[in-house]
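The chain contents come next:
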Amino acid sequence: GGRYPVASPNRQSPSMNRGMPGASETPGGIGLVFYRDAGTPYLLVKEVVPDGPAFRSGMVYPGDRLVAINDFDLAWSGTTPRSQQPQLPGRHGTPVTLCFDRTADGGQYPERFNVNLVRDGAFYPDRLSSSPYRPFSDPELNDLMSRK
C-alpha cells in the first residue's frame with residue numbers, strides 16, 4: 001500500500017499573523033552565540049552570526065555582556081517566575097531590546113548600551129556554549145534560549 005506524506009496542520013502559511021505586521025508564529029532569533037559569564041547571571045557574546053540581526057546592527061561584538069532583555073535585568077531571573085521573564089527568541093518579525101555592558105581594554109567601568117533588534121526566523125535558535133571554547137548544554141539556559 002502506497003503511503004503519502006500528509007502536511008501537518010500547524011505548518012500553515014503565515015496568514016494567521018497576530019500583532020505586528022510581518023510577525024508570524026515562526027520563531028525568530030537575533031544571531032548571537034553566548035556563553036555564561038561565570039559567577040554571574042549574565043551571558044557573554046561568543047560569536048556574532050554573519051548577516052543576523054545583531055550583526056546588521058553593527059553594535060554587538062564578542063565579549064559584550066548581555067545584562068537585560070526588554071528592560072528585564074537577568075540578575076532578577078532567579079526571583080521572577082519564568083513565565084514573566086522575557087525570552088531572547090520570539091516570533092519572527094517582533095522587536096526585542098537588549099542591554100549590553102562593554103568594558104573597553106583597560107577600562108575600569110563598562111559602557112552600557114541598548115540595541116534594538118528585530119527577530120529573524122533565519123537565525124533561530126540563538127545558541128549557547130559552556131565556555132568560550134566548547135559547546136554544551138545547560139538545561140536552565142536552554143530554557144532561556146528556546147521558546148515554550
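Quick note: structure is the one above.
Residues numbered from 1 in each chain as written. Predicted model: local features only at pLDDT ≥ 70, side-chain atom pairs only at ≥ 80, totals over all residues. Heavy atoms only, no water.

Overview of the pairing of strand β4 (residues 65-69)
Sheet faces and side chains relate simply in a regular strand, where the side chains alternate between the two faces.
For step 1, the next point in the chain: When you tally the buried positions in β4, you get four out of five residues, the bulk of the element.
For step 2, the next point in the chain: Two elements, strand β3 (residues 43-48) and β4, share two bridges in a ladder whose sense is antiparallel. Each residue of the ladder has a partner; that of L43, found in β4, is L66.
For step 3, the next point in the chain: Where β4 lies against strand β7 (residues 95-102), four bridges are found, and the strand directions are antiparallel. Each bridged residue has a counterpart across the sheet, and for R65 the counterpart in β7 is D101.
For step 4, the next point in the chain: Pairing of β4 with strand β5 (residues 72-73), which is carried by two bridges, proceeds in the antiparallel orientation. Note that in β5 the partner of I69 across the bridge is F72.
For step 5, the next point in the chain: In this structure, the hairpin formed by β4 and β5 is closed by a connection of two residues, where N70 is found at a positive phi of approximately 50 degrees. (Buried < 20%, exposed > 50% of the residue type's maximum accessible area, 1.4 Å probe, protein only. Helix = DSSP H or I, 4+ residues; strand = E, 2+ residues; numbered from the N terminus. Pairing = 2+ DSSP bridges.)

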